[in-house]
Amino acid sequence: MTQSPGQGNALDNLLTESRTFPPSDEFAAQANAQPALYEEAKADREAFWAKQAERLHWETKWDQVLDWSGAPFAKWFVGGKLNVAYNCVDRHVESGHGEQVAIHWEGEPGDSRAITYAELQREVSKAANALTSLGIGAEDRVAIYMPMVPEAIFAMLACARVGALHNVVFGGFSAEALRTRIQDSEARLVITTDGQYRRGNPAPLKPAVDEAVAGAPSVEKVIVVKRTDTEVAWTDKDVWWHELVDSQSDQHTPEAFDSEHPLFILYTSGTTGKPKGILHTSGGYLTQASYTHNYVFDLKPDTDVYWCTADIGWVTGHSYIVYGPLSNRVTQVVYEGTPNTPNEGRHWDIVEKYGVSIYYTAPTLIRTFMKWGADIPAKHDLSSLRVLGSVGEPINPEAWIWYRENIGGGKAPIVDTWWQTETGAIMISPLPGVVSTKPGSAQRPLPGIGAKVVNDEGVEVPHGGGGYLVLDEPWPSMLRGIWGDEERYRDTYWSRFKDQGFYFAGDGAKYDNDGDIWLLGRVDDVMNVSGHRISTTEVESALVSHPTVAEAAVVGASDETTGQGIVAFVILRGGAGADAGGAEAIKALRDHVAKEIGPIAKPRQIMVVPELPKTRSGKIMRRLLRDVAENRTVGDVTTLADSSVMDLISAGLQSGK
Ligand code: WT7
């Protein structure tokens with residue numbers, strides 16, 4: 001069989017995929033999920049969610065499960081009060097599990113630390129006291145810009161404990177991206193590190209914070225964790241974590257907050273240049289994070305060792321490293337570094353070392369492992385693995401089968417989990433032990449979740465038909481809005497199918513003949529690069545902010561490893577100079593994008609062109625540029641204002657310009 005990972009041509013294979021893998025009797029017998037869960041949720045959805053909310057400790061019980069009267073702004077578990085951090089930490093100590101390891105932290109250089117629930121309680125309490133000592137309390141915003149060190153998790157939980165909202169910004173984002181996120185959320189505090197390990201070397205992190213904070217007057221203090229011991233410039237806003245936090249009392253009484261108390265803001269790319277601050281609240285979010293983590297991963301808190309390879313800078317890290325797992329009293333691995341440091345077997349070394357039994361990662365990494373070769377995992381004992389997960393983009397059947405055979409020993413069920421920053425938790429996924437899995441399909445909405453594939457008119461398509469994915473019922477962990485922009489919230493998600501009241505996810509999808517759902521990628525101008533959302537407009541704005549660029553158009557072209565790769569077409573300014581299109585200048589442009597947004601947004605390829613294809617109304621026809629970027633014959637050009645433009649572009653590219 002030829003292997004064709006990547007999105008474009010894999011789609012056809014995807015839709016003709018007919019292999020299924022029923023759960024083994026052995027797995028089904030011990031599974032947390034049972035077929036009756038679907039029936040139960042269908043019979044009475046709100047009663048079902050109320051039962052799931054009982055997984056948590058509520059200081060005051062709610063008096064209404066769902067208030068949807070202010071749609072599209074939901075309220076879940078109305079009148080209930082809880083403390084999210086107490087639910088993730090203290091209650092496990094109180095139930096006698098203080099000595100259980102919560103986090104097996106593995107540093108990239110090989111240092112490690114086992115943190116028990118009792119220790120986690122002390123660390124989070126100290127950090128919470130430190131926040132209080134700085135005057136940070138309920139509803140304040142705290143930006144967290146850190147690598148995967150334990151303090152990042154302590155910081156998130158400390159915020160939750162005192163009712164402050166964290167705004168975690170991925171450590172790979174630029175100073176400029178950090179600044180806009182700090183400014184939009186008006187953060188009073190930033191928590192960071194001196195540096196971070198990346199591919200075996202320490203790299204500075206704090207300079208980006210200094211640069212961002214210089215342009216963000218809302219910031220009063222910056223707490224700095226010492227990680228790499230690199231020299232840092234010091235300002236009067238800065239305070240070392242070890243000086244401030246370590247001297248605090250390790251006792252802290254958590255306060256219960258309203259179920260709808262805001263928990264965090266997390267920025268994600270939309271179709272415009274400005275990222276959206278997705279707002280999540282407490283009770284409903286934690287209920288669904290906890291419920292999904294328990295059933296989708298079949299978690300057994302006494303015996304499993306769980307590992308989610310995401311970074312806390314993304315929603316996966318929020319819901320499936322911090323809130324879901326810890327609320328379920330997990331023992332989990334948290335790894336700081338890259339998968340090929342010091343060599344390409346690092347993940348399998350870690351699986352062996354800790355006896356990891358549940359492993360959750362992204363298709364882009366699976367395809368990277370495929371490229372590195374099956375002989376690498378084959379050299380390791382991976383027999384502890386019993387559930388495998390995938391998230392972030394459609395997983396092509398070849399990668400799915402490779403994952404099952406080479407990592408899962410041909411038997412661990414694979415859960416392909418579809419969800420978004422906005423949904424807060426998993427929405428569509430097979431339940432292991434119940435559903436026969438299918439390579440490439442996320443299959444069906446979880447019990448309690450309503451999802452459909454509809455056509456342009458909002459009518460559900462028949463089996464075998466394709467259209468848009470919508471969510472037709474409110475769900476507990478749904479976003480409660482976009483920070484500071486109610487209109488954008490309504491426009492982005494609720495206007496497309498306003499009459500039906502559906503949430504528009506922005507993804508294309510299809511039913512197969514069994515009625516299982518296949519996700520087909522974004523239908524808007526959002527690219528998916530290694531499972532990360534980047535908008536074409538964001539990269540275009542970064543490019544045109546460079547003095548040599550007059551105009552830019554960006555497309556996501558299918559990429560063997562990363563799903564999509566960023567390809568940019570730029571028109572240079574008249575006075576840009578003769579060598580502005582040369583290799584050096586192109587490199588400078590790529591670096592400029594990295595500086596504006598972050599290295600993940602660096603275009604894979606930049607092509608200098610004399611014109612861009614536009615419709616008569618001036619809209620760039622990205623479809624045609626995608627044809628060029630993917631080396632296809634250019635499609636229908638009849639709606640172009642000037643149909644000769646594509647010839648000009650192709651000719652220019654062939655002459656190697
Ligand atoms: C977008 C959301 C959810 C955490 C990671 C990404 C795509 C996500 C899948 C999947 C097909 C998927 C969608 C979605 N996506 N999971 N299992 N199959 N596509 O979160 O950055 O908010 O991106 O990722 O296009 O809309 P995000």
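Residues numbered from 1 in each chain as written. Predicted model: local features only at pLDDT ≥ 70, side-chain atom pairs only at ≥ 80, totals over all residues. Heavy atoms only, no water.

(A) Just the overall build of the protein, in detail. Across its full length, the protein carries 22 helices and 29 strands. At 24 Å, the protein has a C-alpha radius of gyration in line with the 26 Å of a compact globule built from 657 residues. Each of the 657 residues in the protein was classed as buried or not, and the buried ones make up 62%. Sequence-distant contacts, at least 24 apart, represent 71% of the contacts inside the protein between residues at least 6 apart. Surface summary for the protein: the accessible area is close to 24000 Å², and the carbon and sulfur share equals 49%. Charge centroids of the protein, computed over 61 positive and 86 negative side chains, lie 2 Å from each other. (Helix = DSSP H or I, 4+ residues; strand = E, 2+ residues; numbered from the N terminus. Rg over C-alpha atoms; globule rule 2.2 N^0.38 Å. Buried < 20%, exposed > 50% of the residue type's maximum accessible area, 1.4 Å probe, protein only. Contact = heavy atoms within 4.5 Å. Areas by Shrake-Rupley, 256 points an atom, 1.4 Å probe, with all protein chains shown as cover. Lys, Arg positive; Asp, Glu negative; His and termini not counted. Charge placed at Lys NZ, Arg CZ, Asp CG, Glu CD.)

(B) Expanded view of unusual backbone geometry. In this structure, the amide linkage connecting Ala 71 to the following residue, Pro 72, adopts the cis form with an omega of 5°. As for its position among the elements, Pro 72 is in the loop between β1 (64-67) and β2 (75-78). Omega for the peptide link from Thr 341 to Pro 342 comes to 0°, which places this bond in the cis form. Its location among the elements puts Pro 342 in the loop between β17 (332-335) and α14 (346-354). With a phi angle near 75°, Glu 139 is a residue other than glycine that sits in the positive phi range. Of note, Glu 139 is situated in the loop between α7 (117-133) and β6 (141-145). Glu 139 gets classed as partly exposed once you look at its relative accessible area, which sits at 43%. Even without being glycine, Ser 530 reaches a positive phi, approximately 55°. Overall, the relative accessible area of 23% leaves Ser 530 in the partly exposed class.

(C) Spotlight on the site of the ligand. With respect to spatial proximity, 17 residues lie near the ligand, and among them Asp 416, Thr 417, Thr 421, Asp 507 and Arg 522 are the closest. Within the backbone of Gly 392, a nitrogen or oxygen atom sits 3.1 Å from a nitrogen atom of the ligand. Burial of the ligand by the protein chains amounts to 96% of its free accessible area of 550 Å². Taken together, the residues that form the shell around the ligand break down as six nonpolar, six polar and five charged. (Near = heavy atom within 4 Å. Polar contact = N/O pair within 3.5 Å; in protein donor to acceptor, adjacent residues only side chain to side chain. Nonpolar A, V, L, I, M, F, W, Y, C, P; charged D, E, K, R; others polar.)

(D) View of the UniProt feature "binding site: ATP" (unreviewed entry) in the protein. As annotated in UniProt, the feature "binding site: ATP" (unreviewed entry) corresponds to Gly 392, Glu 393, Pro 394, Asp 416, Thr 417, Trp 418, Trp 419, Gln 420, Thr 421, Asp 507, Arg 522 and Arg 533 in the numbering used here. The residue Glu 393 is located in the loop between β19 (387-391) and α17 (397-406) in this model. A distance of 3.4 Å separates the side chain of Glu 393 from the backbone nitrogen of Thr 364, its partner in a polar contact. With respect to the element layout, Asp 507 can be found in strand β23 (residues 503-511). You can call Asp 507 buried: its relative accessible area is 8%. The residues contacting Asp 507, other than those within four sequence positions of it, are Trp 418, Gln 420, Gly 467, Tyr 468, Leu 469, Leu 519, Gly 521, Arg 522 and Val 523. A polar contact of 3.0 Å, which involves the side chain of Asp 507, links it to the side chain of Trp 418. (UniProt positions renumbered as here; feature names shortened; annotations may be inferred.)

(E) The arrangement of the side chain of Arg 404 in detail. Mapped onto the elements of the fold, Arg 404 is located in helix α17. Setting aside chain neighbours within four positions, we find Arg 404 in contact with Phe 21, Gly 409, Gly 410, Lys 411, Ala 412 and Ile 414.

(F) Structural view of the pairing of strand β28 (residues 563-572). The buried count for β28 comes to nine of 10 residues, which makes it a mostly enclosed element. The pairing of strand β27 (residues 549-559) with β28 spans 10 bridges and is antiparallel. Paired with Asp 559 across the two strands is Gly 563, which belongs to β28. Between the antiparallel neighbours β27 and β28 lie three residues. The pairing of β28 with strand β29 (residues 605-608) spans four bridges and is parallel. (Pairing = 2+ DSSP bridges.)

(G) Broad picture of the packing of α7 against helix α8 (residues 150-162). The geometry of α7 relative to α8 is characterised by a closest axis approach of 8 Å and an angle of 60° between their N-to-C directions. At the point where α7 passes α8, the crossing takes the right-handed sense. Facing α7, whose interface residues are Leu 120, Glu 123, Val 124, Ser 125, Ala 127, Ala 128, Leu 131 and Thr 132, α8 presents Phe 154, Leu 157, Ala 158, Cys 159, Arg 161 and Val 162. Taken together, the residues of the contact of α7 with α8 break down into 10 nonpolar, two polar and two charged. (Axes fitted to C-alpha atoms, helices over the stretch in contact; angles between N-to-C directions. Left-handed = near helix turned anticlockwise from the far one by under 90°.)

(H) Local environment of the sheet that holds β23. The four strands are arranged β21-β22-β23-β24 in an open sheet whose pairing can be described as antiparallel. For this open sheet the edge positions go to β21 (451-454) and β24 (517-522), each flanked by a neighbour on one side alone. Pairs of neighbouring strands in the sheet enclose a mean axial angle of 45°, with direction left out of account. Here five bridges tie strand β22 (residues 466-471) to β23, and the two strands are oriented antiparallel to one another. When the sheet's bridge partners are listed, Gly 466 is paired in β23 with Lys 510.

(I) Local environment of the packing of helix α19 (residues 536-544) against helix α20 (residues 583-596). One way to put it is that α19 packs onto α20 with a least axis distance of 9 Å and a crossing angle of 120°. The interaxial crossing formed by α19 with α20 has right-handed handedness. Seen from α19, the contacting residues are Val 539, Ala 542 and Leu 543; seen from α20, they are Leu 589, His 592, Val 593 and Glu 596. In the contact of α19 with α20, the residues fall into five nonpolar, one polar and one charged.

(J) Structural context of the nonpolar core. Among the nonpolar cores identified, the biggest contains 117 residues, and Leu 120, Leu 157, Tyr 323 and Leu 326 are the most heavily contacted of them. When near neighbours in sequence (up to four residues on either side) are disregarded, Leu 326 contacts Asn 87, Cys 88, His 92, Ala 102, Tyr 117, Leu 120, Ile 153, Leu 157, Ile 321 and Gln 332. Core analysis: the second largest hydrophobic core is formed by 42 residues, Phe 173, Leu 205, Leu 543 and Ile 606 among them. (Core = buried A, V, L, I, M, F, W, Y, C linked by side-chain atoms within 4.5 Å.)

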